Structures are given as C-alpha cells and as structure tokens.
Amino acid sequence: MINTPIDSTIVNKKIADSTIKEVGKASIREIKRLVDEIESATGEKFIRMEMGIPGLPPNKYGVEAQIEALQEGVAAIYPDIQGIPVLKSEIALFVKNFLDIDVKPEGCIATVGSMQGSFASFLLLSRIYKERNTTLFIDPGFPVHKMQHKVLNLNFETFDVYNYRGEALREKLESYLSLGHIHSVIYSNPNNPSWICFTDEELKIIGDLANKYDIVVLEDLAYLAMDFRKDYSQAGQAPFQPSVAKYTDNYILFISSSKAFSYAGERIGMMVVSNGLFQRKFENLLNYYVSDGFGYSMVFGTIYPLSSGTSHSAQYGLYGVLKAANQGKFNFVEEVKVYGEKAKIMKRLFVENGFKIVYDKDLDNPIADGFYFTFSYPGMDGAELLDKLVYYGISAISLAITGSERIEGIRACTSLVKESQFGDLEERLKAFHEHYQ
Ligand SMILES: Cc1ncc(COP(=O)(O)O)c(C=O)c1O
C-alpha cells in the first residue's frame, strides 16, 4: 500500500458511499460532489481542475447595472421573451465590434446561459427538415451538449478533429454532410477541452460546406477572444475574433457570459441567429409550431415554453457589461488573461513530472495557453489516471466524455487553481511520478 497525499481509507470510503462506479468515467458534477466530500472529510484542499467555473470576481459593470435594475423594480415584471430591447441592440453592437459581423437586434436573443441557447437550438433544428435528424459534433467538445441530445432523444454523430485540421477538414466534413441526414454542425472555438483554435481557412471550409449542403453551423464562443496569442480586445478594431459568420449566413452563435465576463452565476448568455436564418421559413416546422418562421419558432415556440425568457435583472447586468466593452471602458480580455498565465506554469509542472500534453499542437504551432489544457501519463488511460489522481488531491475530467479519441487524456481547467497552490501541485505530481514511473 502506497502512502498518498490524501488519506486513501477516506477516499475509498467516499467513493464507495457515492453512486459513482468508476471515478474516471464520472460526469463533471459527480466528480465535483465526490471531491467536495473528500475535502470536507479530510480537511485537505484539492487542486480542483474538474469544473470550468470562473475563478475571478464577477464583472463590476454587470453587478452595478443589475443592482440598479433590481432597485428600479424589474424583479416584479416578466421580461420580453426575446430579450429586452436595449440588450438586443447592445449584443448586435458587441458582435459588430468584436467579430466584425452585421446582425440585426431581432436575432440577438438573451438566454438562460449559453446552455439554454444550445438546448433550444438542438430542439428546433431537429425539426426543420423531416428527412434530416442528426447533429454533427466536431469534437472534442463540451459533454453537456451531448447530454442535451440524450435528454431530448436526438441523434448525433461525432469525429475528433485533431487529425483533420486545415484542408483535411473539408473531406472529413463532406463525408458526413453529403449523406443528407445532418441538419447542423457544432463546435466550440477556442475549443473546450483541447484549446485548439480554428483558423480562418478552416472556418471558411465549414462556412462553404454549410452553404453547399444547406447546414446550420452552431458556433460556440464560450471562450470568445480568449486565444491570447492574438489581441481581439479592441472594440471595432482588427484583429477580430474569427467566426464562421464571415463565410455563411446559416449560423447561430452562442456567446456565454460565464467565462469571458465572469458572470456564470447569473445564468445569462446570448444566442445570435443570422439575419438570413432568422427570417427563413421551414415547412416542416408547421408540424410542431404555429409558424414556419425559424426566428419566430425559436422565440415564441421554444424559448417561451422553456423558461418564458431570461432573468430581467441579469439582462440589465449583461447590458451593463456589453455597454462598457463596446465603449472601450472595459477590456474584458485583459481581465481573463490570468487563465493563460496559470496554464503556462501548470503545464510546465505536469511535463516536468513525466506527464504529456495530449492536444499539444495547434496546426504547426504549440497549443496556446488558455482556460483548459489536456494531459496524460504514459501507460495509463484517462479513466485509470483520474482514479489514481484523486488519492493525490488532484481532480479533473476524462477526455473520454468529451468525444475525444485520445482516451489516455484528461482535461484540466486552470480557473479554480490558485497560484498559492502551485507548490502543492508540484509536490503531489512529484509524489505521483515517484510512485508510478
Ligand atoms: C464550450 C462551452 N459551451 C457552453 C458552456 C456553458 O456556458 P453557460 O454557462 O453560458 O451556460 C460552457 C461552460 O463551460 C462551455 O465550456
């Protein structure tokens, strides 16, 4: 029996008491609960890398605007289902300023986190065509999107993009799209979990194919402008966050306020539907909704029955954040750069102690330092490695639940790890390496 940094008897008991069969295969929230329990039973702090919670204080422009709105009494009043008008216009301006995309305010919809935007979109898109019933995931990806498909009983297919970067992406995508059963394609950019960032060449390939096969592209920008190798932070000035919206008018963007604005707790996000798609009519929608209009069915047929809109005060909060960003008063990218700085140090500590970075390249460049990174340990698969790391006070999630083919890998999130914990992290990694090399 080896002596591990966290008391193994307690860890074993907590795992046995939980409903988790194998730590390495558990969902993000299950791991979170298990680690909460081990921490409170042992009094030891874990290096917590399982959940993408922002590790920064909430955005002050948001908090101020939200408090003001609450004091003015908005809590008593139902908000417009499609979002309050000032917010819709501010989202359109934000998208123009930071992505250089023109979209009308009508297509800019407030949602209960980006999560609700994707849920509503999956539901609606699965109904636009009778003969198309499948979403294609360009993976690895955010596991909850697949969970949403499962609870909605919707079909999806997936491939790991790592070996299909650049021009190779075209043929791979066409091998699915040409079969005629795909209605939409989803990916996140920067990518959760691998942090690869699509280039304009790749986004053009996706956009061109969306036009050729009439596919809707769902671009998840949860980490908008967080490819810190480029400065996307200046309102109205190039370079802009790359987006498929430059290459097709068949898109929906999901812009989360959770990470970029540290506003996860208020559950407010933005869904941006292109002008063309918002106005488009799909005959098959009449089997489910009173209108064949895409935008109308999204707002009045989908968002309405899901939640009757989004928290009134949170919409004012987001309005406050976007206004400050649009006016150049608040550099939201500067605020979150610390995640990249932490990733750089943490990756070094892992590599120095025998671990490998799994998604290590972004085309020909080393992967950028951002909100997430991926790692493995020679001779172990991800599930086994996670099982073992719990005894060393380190928690993360397995890449196996992200649609990655790299089953040896683990996703680490940098946000909750404090710089004061780097010493502990190093010691624990050293102990692990001594025991297993
Ligand atoms: C890729 C991706 N999409 C969506 C979300 C969810 O965003 P929200 O908190 O706005 O619902 C996350 C959160 O981790 C994410 O990583």
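Residues numbered from 1 in each chain as written. Predicted model: local features only at pLDDT ≥ 70, side-chain atom pairs only at ≥ 80, totals over all residues.

Looking now at the overall build of the protein chain. When its secondary structure is counted, the protein chain shows 15 helices and 15 strands. On C-alpha atoms alone, the protein chain measures out to a radius of gyration of 22 Å, which is about the 22 Å that the 2.2 N^0.38 rule sets for 437 residues. Residues counted as buried form 52% of the 437 residues belonging to the protein chain. Considering only contacts within the protein chain whose residues lie at least 6 apart along the sequence, 77% involve residues at least 24 apart. (Helix = DSSP H or I, 4+ residues; strand = E, 2+ residues; numbered from the N terminus. Rg over C-alpha atoms; globule rule 2.2 N^0.38 Å. Buried ≥ 20, exposed ≤ 12 C-beta atoms within 10 Å, placed from the backbone. Contact = placed C-beta atoms within 7 Å.)

An order of 9-12-15-14 is seen for the four strands of this open sheet, with the pairing classed as antiparallel. Only two strands of the sheet have a single neighbouring strand rather than two, namely strand 9 (356-357) and strand 14 (397-398). In the packing of helix 13 (residues 338-352) onto the sheet, the strands contacted are strand 9, strand 12 (372-376) and strand 15 (410-413), and the crossing angle to strand 12 comes to about 0 degrees. (Pairing = 2+ DSSP bridges. Axes fitted to C-alpha atoms, helices over the stretch in contact; angles between N-to-C directions.)

Moving on to the nonpolar core. Ranked by size, the top nonpolar core spans 135 residues in total, and within it V185, I252 and V272 carry the most contacts. Among the domains, domain 1 (8-44 + 340-436) and domain 2 (60-326) are the pair contributing at least three residues each to this core. Excluding anything up to four places from it in sequence, I252 contacts S121, V216, L218, M271, V272, V273 and L277. (Core = buried A, V, L, I, M, F, W, Y, C linked by C-beta atoms within 7 Å. Domains from an automatic or database assignment.)

Moving on to the environment of D387. By the secondary structure assignment, D387 is in helix 14 (residues 382-389). Judged by the 19 C-beta atoms lying within 10 Å of it, D387 falls in the partly exposed class. Along the backbone, D387 and G295 are 92 residues apart, and their C-alpha atoms lie at a distance of 46 Å. With residues up to four places along the chain from it excluded, the contact list for D387 reads E22, V23 and G24.

Think of an α-helix as turning once every 3.6 residues; residues three or four places apart then point the same way. L169, L173 and Y176 are the residues of helix 7 (residues 168-177) that are buried. For helix 7, the arc enclosing every buried residue in end-on projection is 55 degrees, short of the 170-degree limit, so these residues lie on one face. In helix 7, the exposed positions angled more than 90 degrees off the buried face are occupied by E171 and S175. (Arc of directions from axis to C-beta.)

Quoted interface sizes are often the accessible area lost when the parts come together. What the domain assignment reports for the protein chain is domain 1 (8-44 + 340-436) and domain 2 (60-326). Each of domain 1 and domain 2 was reduced to a C-alpha centroid, and the two centroids are 29 Å apart. Across the contact, 21 residues belong to domain 1 and 25 residues belong to domain 2. Ranked by the residues each element gives to the side of domain 1 that touches domain 2, the list is headed by strand 12, at three residues. The residue inventory of the side of domain 1 that touches domain 2, partitioned by class, reads ten nonpolar, seven polar and four charged. (Nonpolar A, V, L, I, M, F, W, Y, C, P; charged D, E, K, R; others polar.)

So, on to the site of the ligand. Around the ligand, the surrounding shell holds 13 residues, and the nearest of these are G113, S114, M115, S256 and S258. In terms of residues, the shell around the ligand owes the most to one element, helix 5 (residues 113-125), which gives three residues. Taken together, the residues of the shell around the ligand break down into four nonpolar, eight polar and one charged. (Near = placed C-beta within 6 Å.)

What follows concerns the sheet that holds strand 5 (residues 182-188). The sheet built from seven strands is open, its strands ordered 2-8-7-6-5-3-4 with mixed pairing. At either end of the open sheet lies a strand with only one pairing partner, and these are strand 2 (108-111) and strand 4 (155-160). If you compare each strand with its neighbour and ignore which way they point, the axes differ by 20 degrees on average. As defined by bridge partners, strand 6 (residues 216-220) adjoins strand 7 (residues 251-256) across four bridges and the pair is classed as parallel. What sits directly across from E219, in strand 7, is L253. This element, helix 4 (residues 85-99), spans strand 2 and strand 8 (269-273) of the sheet and lies at about 115 degrees to strand 2.

When two helices pack together, their arrangement is given by the angle between the helix axes and the distance between those axes. Two elements in contact, helix 3 (residues 60-71) and helix 11 (residues 312-326), have axes whose closest approach is 7 Å; the angle formed by their N-to-C orientations is 140 degrees. Here helix 3 lies oblique to helix 11, going by the angle between them. The interaxial crossing formed by helix 3 with helix 11 has right-handed handedness. Here Y61, G62, V63, E64, A65, Q66, A69 and L70 of helix 3 lie close against helix 11, whose contacting residues are S313, A314, Y316, G317, L318, Y319, G320, V321 and A324. Grouping the amino acids of the contact of helix 3 with helix 11 by side-chain chemistry returns eleven nonpolar, five polar and one charged. (Parallel < 35°, antiparallel > 145°, perpendicular 65-115°, else oblique. Left-handed = near helix turned anticlockwise from the far one by under 90°.)

A word on the environment of I186. Here I186 is to be found in strand 5. As a C-alpha pair, I186 and K323 span 137 residues in sequence and 29 Å in three-dimensional space. Apart from the residues lying within four places of it in its own chain, the contact partners of I186 are T135, F137, H145, L218 and D220.

Following D139, the chain continues to P140 via a peptide bond in cis, the omega torsion being 5 degrees. In this structure, W195 is a non-glycine residue whose phi angle is positive, near 70 degrees. Relative to the elements of secondary structure, W195 occurs in the loop between strand 5 and helix 8 (200-213). Assessed through the 24 C-beta atoms surrounding it within 10 Å, W195 is described here as buried.

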